[in-house]
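Here are the chains, one letter per residue:
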Amino acid sequence: MESNAQDLLDRRWFGHPRGLSTLFFTELWERFSYYGMRALLVLFMTTAAMEGNPGLEFSTGKAGAIYGLYTFFVYVLALPGGWIADNIWGQRKAVFVGGCIISLGHFTMAGPLLGLPDNGCFFLGLMFIVIGTGLLKPNVSTMVGDLYPEGGARRDAGFSVFYTGINLGAFAGPILTGWLGEGYNWHYGFSLAGLGMVLGLIQYRMGAKYLGGAGLLKRTDSAAKLARKTRVTYIVCVAAFVVIAVAGWLLLQRMALEDLAQVLGYTVIVVAVLYFVYLLLLTNHTRLEKRRLLVIFWLFILSAIFWSGFEQAGSSLNLFARDATDRMIGGWELPASWLQSINACFIIILAPVFGSLWITLARMQRNPSIPLKFALGLLGLAAGFFVIAWGAANATDGNLVSPAWLVVTYFLHTVGELSLSPVGLSSITKLAPSGRVGQMMGVWFIGTALGNLFAGLVAGRLEDLTPVALFSNVAMTICIAGLMALVLFIPVKKLMGRVD
């Protein structure tokens, strides 16, 4: 029996542990469901209720705020999701439970097919997806690392394979859910996203035998103490959910959803600033550690700015694809959501190129530093928005423009993403003081969440601004941030000290 178990673990998948295939396809289907639904989200919310394929007929401002809040909480809930896995369930159970809740969310959004109310199903479904993603997303990546206890280059290669699965799912999701959702019925698209997650869960269960001990709870507490901790955690989670729901409902009676989202964003900024002030002034960290904390704060700001622009893909750029882009091919109209797959396609093509480029430059001792890569990422993103602003200028007076404008924009955005995003988490692990790596990871996720929140709010300005004005403003803001990062990268690099 023991020999059979060891045989299963010894099997290889393209030179990697067989368990990598289990996690590869789990994440592929989860990203299929997430990006598939995301591609439909703003389009569905802003479509008129009297259309043949009716939507919710929300204003652009309200739809943008909902999109921003949704993506904000997806990242924020990764923090308690990781804690629950580390202390209560283990990553393996957290991933499965999270996937089940995600599926429930997608199928709940499709509830109107059974005659259930549109608005109630929509918001309840989003809530389930946010909770499920918070449990699944951070923990499946942790399990990949567990498959390579020896670490090193082999683990890096394993993560590269894993990220290919992410982008394959992100590529296929908008195409298939968009075909059903836009072409036939929005709720068919949501159902397909849920079905994708179910397929991921089935193969996750079937492939669990290849995972060995990866993702199992490393229990140090007694059974009784673990049971008490579990009960307390459940009570705290339910209480927090009730408090947040009631507070949100009360605030919505006094202010618009857009205003509530802004208040949340500014509150997070104030809390983040106060937290770093505390670390710099009231802790016993060394001088080098405090200098590096300043660097982390600077990267936190740049990251939030980057994602506030990059995440326009699912909101303002998605609306531009629908309303201002000529998508006719012969007598057939390309679904607007299909253009959401371009970024994932470029990542699959360009990620190996960038990986080879950094290695080659490192051998030549010319590899850009972390702050310089951030600057280049922001400038690449800004260049994309200058391109789409130019394209939007040609879309005045009802003239539709070529999809090539969006293709070039997404190409430049992908170049920016590959310059900034892969080094983000790695830089935190290198710069964080000993004993605060987990906290700094949390701060990094909060920065990403903040960027997503403001991305939705910025997209909502399409209600008052023309696409040209909106994209130009975004381009200028990000360009200024990129130029500041470029000017300051040498002093920031000095603050870091030597980083391997």
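These figures come from a predicted structure and were not determined experimentally.

(A) Representation of the nonpolar core in the model. Formed by 101 residues in total, the largest nonpolar core has its most connected members in Met37, Leu41, Met45, Tyr70, Phe122, Met440 and Phe471. For this core, the leading source of residues is helix α11 (residues 287-310), giving 11 residues. The contacts of Phe471, once residues within four sequence positions are left out, are Ser316, Leu317, Phe320, Phe385, Ile388, Ala389 and Ala392. Listed in part, the 21 residues of the second largest apolar core include Val140, Tyr148, Phe162 and Leu201.

(B) Looking closely at unusual backbone geometry. Its identity is not glycine, yet Glu57 carries a phi of approximately 60°, on the positive side. For Glu57, the location among the structural elements is in the loop between α2 (19-46) and α3 (60-76). A positive phi angle, near 60°, is found at Gln365, a position not held by glycine. Along the chain, the position of Gln365 falls in the loop between α13 (342-363) and α14 (370-393). Assessed through its relative accessible area of 71%, Gln365 is described here as exposed.

(C) Focus on helix α17 (residues 467-496). Largest kink in α17: about 55°, centred on Phe489, with the proline Pro491 one to four residues after it. Buried residues of α17: Leu470, Phe471, Val474, Ala475, Ile478, Cys479, Ala481, Gly482, Ala485, Phe489, Val492 and Met496, and no others. Of the surrounding secondary structure, the elements contacted by the buried residues of α17 are α11, α12 (316-323), α14, α15 (404-431) and α16 (437-459). Among the residues trailing α17, Gly497 stands out with phi positive, at a value near 75°.

(D) Up close: the packing of α2 against α12. Taken N-terminus to C-terminus, the directions of α2 and α12 make an angle of 65°; their axes are 10 Å apart at the nearest point. Taken as axis vectors, α2 and α12 run roughly perpendicular relative to one another. In this structure, the crossing between α2 and α12 has a hand that is right-handed. Taken together, the residues of α12 that come into contact with α2 (itself represented by Arg38, Ala39, Val42, Leu43 and Thr46) are Asn318, Leu319 and Arg322. When its residues are assigned to classes, the contact of α2 with α12 shows 4 nonpolar, 2 polar and 2 charged.

About the cut-offs
- Every chain's residues receive numbers from 1 upward, in the order its sequence appears when written.
- A pLDDT threshold of at least 70 governs which residues receive local features in this predicted model, and a stricter bar of 80 or more applies before side-chain atom pairs are shown or counted, although totals over entire chains, interfaces and linings include all residues.
- As a convention, hydrogens and water are excluded, and side-chain values are obtained from all of the structure's heavy atoms.
- Side-chain atoms within 4.5 Å link the members of a nonpolar core, which is a set of buried Ala, Val, Leu, Ile, Met, Phe, Trp, Tyr and Cys residues.
- When accessible area is computed with a 1.4 Å probe and restricted to protein chains, residues below 20% of their type maximum are described as buried, those above 50% as exposed, and intermediate ones as partly exposed.
- To qualify as a helix, a DSSP run of H or I must reach at least 4 residues; to qualify as a strand, a run of E must reach at least 2; elements of each kind are numbered from the N terminus.
- By definition in these notes, contact holds between two residues if any of their heavy atoms fall within 4.5 Å.
- Fitting one axis to the seven residues ending at a residue and another to the seven starting there, the bend at that residue is the angle between the two axes.
- Note on method: axes are straight lines fitted to C-alpha atoms, helices fitted across the in-contact stretch only, with angles between N-to-C directions ranging 0 to 180 degrees.
- Roughly parallel refers to an angle under 35 degrees, roughly antiparallel to one over 145, roughly perpendicular to one between 65 and 115, and oblique to any angle outside these ranges.
- The crossing is said to be left-handed when, going from far helix to near helix, the turn is anticlockwise and less than a right angle, and right-handed when the turn is clockwise.
- The residue classification treats Ala, Val, Leu, Ile, Met, Phe, Trp, Tyr, Cys and Pro as nonpolar and Asp, Glu, Lys and Arg as charged. All others, Gly included, are polar.

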